[in-house]
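Structure at a glance
The primary structure of each chain is shown beneath.
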Amino acid sequence: MFRNLLLVALGGALGSCSRYLIVRLSALLWPSAPSQLGTLAVNLAGCLLIGCLLGVAERTRLIGQALSLLLVTGFCGGLTTFSTFSADIVNIAGRGRPVQAVVYAMLSLAGGVGLTLIGRSAALRL
């Protein structure tokens, strides 16, 4: 258990640092671009990466539990939770539950934005 937690923590730290560096680099390379460009790049790259890792894990035995914890849960989770969100939707739909996948996606997006607005509003009134 402790070993697994360390793998996730190491991967998460590397993913979070990578996200920070990619967002900063995009701002330096394209200063006139919208500030969300780096976040968009990270989210899309994270989705591609987690998809590749999951596909390799399904097709081969190259990615065992330890490497999956380090790369999928840790690194991709630290890089962007959006990749995990996307993978969850793909997994739900892949189990023959497309309606549940759509409902999950819609509730997550609407709920996340709604709760962000509520939290921001509450904090501004303090």
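In case you missed it, the structure is sitting above this.
My aim in this report is to walk through the structure given alongside it, one point at a time.

**Things to note about the overall build of the protein chain**
When helices and strands are tallied, the protein chain shows five helices and zero strands. Each helix and strand of the protein chain, placed in order from N terminus to C terminus, yields the pattern α-α-α-α-α. Across its three principal axes, the protein chain shows a C-alpha extent of roughly 50 × 40 × 30 Å. Among the 126 residues that make up the protein chain, the fraction classed as buried is 19%. Contacts in the protein chain between residues far apart in sequence, at least 24 positions, make up 61% of those at least 6 positions apart. Split by element, the accessible area of the protein chain, about 8,900 Å² in all, is 72% carbon and sulfur.

**Observations regarding the packing of aromatic side chains**
Throughout the structure, instances matching the rule amount to two aromatic pairs. Relative to Tyr104, the ring of Phe85 lies with its centre 5.7 Å away and its plane at 45°, an arrangement referred to as tilted. Residue Phe85 is found in helix 4 (residues 81-94), and its partner Tyr104 is found in helix 5 (residues 98-125); the two are separated by 19 residues along the sequence. Through pairs of rings, three or more aromatic residues link up here, namely Phe82, Phe85 and Tyr104.

**Some words on helix 2 (residues 37-59)**
The end-to-end C-alpha distance of helix 2 is 33 Å, a good match for the 33 Å that 23 residues give at a rise of 1.5 Å each. Every buried residue of helix 2 is listed here: Gly38, Val42, Asn43, Gly46, Ile50 and Leu53. Packing partners of the buried residues in helix 2 comprise helix 1 (2-29), helix 3 (65-79) and helix 4.

**Things to note about the side chain of Ser26**
Summarising the element assignment, Ser26 is placed in helix 1. Setting aside residues up to four positions removed in sequence, Ser26 forms contacts with Leu37 and Gly38.

**A short note on the packing of helix 1 against helix 2**
Contact geometry of helix 1 with helix 2 gives a least axis separation of 8 Å together with a crossing angle of 135°. Judged by the inter-axis angle, helix 1 sits oblique to helix 2. As for the relative orientation of helix 1 and helix 2, their crossing is right-handed in sense. Together, Arg19, Ile22, Val23 and Ser26 of helix 1 and Leu37, Gly38, Thr39 and Val42 of helix 2 make up the contact between the two elements. Along the lines of polarity and charge, the residues of the contact of helix 1 with helix 2 split into four nonpolar, three polar and one charged.

**Some words on the packing of helix 4 against helix 5**
Running from amino to carboxyl end, helix 4 crosses helix 5 at an angle of 160°, the nearest separation of the two axes being 7 Å. Here helix 4 is positioned roughly antiparallel relative to helix 5, judged by the angle of their axes. The way helix 4 lies across helix 5 gives a crossing that is right-handed. Contacts between helix 4 and helix 5 involve Phe85, Asp88, Ile89, Ile92 and Ala93 on the former and, on the latter, Pro98, Gln100, Ala101, Tyr104, Ala105 and Ser108. For the contact of helix 4 with helix 5, a count of residues per class yields eight nonpolar, two polar and one charged.

**With respect to the side chain of Ser83**
Checked against the element boundaries, Ser83 lands in helix 4. Accessibility expressed as a relative area gives 0% for Ser83, which makes it buried. Here the side chain of Ser83 touches Thr80 through a polar contact of 2.8 Å, landing on its backbone oxygen. Among all residues touching Ser83, those that are not within four sequence positions of it are Gly46, Cys47, Ile50 and Cys76.

What counts as what
Residues numbered from 1 in each chain as written. Predicted model: local features only at pLDDT ≥ 70, side-chain atom pairs only at ≥ 80, totals over all residues. Heavy atoms only, no water. Helix = DSSP H or I, 4+ residues; strand = E, 2+ residues; numbered from the N terminus. Buried < 20%, exposed > 50% of the residue type's maximum accessible area, 1.4 Å probe, protein only. Contact = heavy atoms within 4.5 Å. Areas by Shrake-Rupley, 256 points an atom, 1.4 Å probe, with all protein chains shown as cover. Phe/Tyr/Trp six-rings, centres within 6.5 Å; stacked < 30°, edge-to-face > 60°. Expected span 1.5 Å × (residues − 1). Axes fitted to C-alpha atoms, helices over the stretch in contact; angles between N-to-C directions. Parallel < 35°, antiparallel > 145°, perpendicular 65-115°, else oblique. Left-handed = near helix turned anticlockwise from the far one by under 90°. Nonpolar A, V, L, I, M, F, W, Y, C, P; charged D, E, K, R; others polar. Polar contact = N/O pair within 3.5 Å; in protein donor to acceptor, adjacent residues only side chain to side chain.

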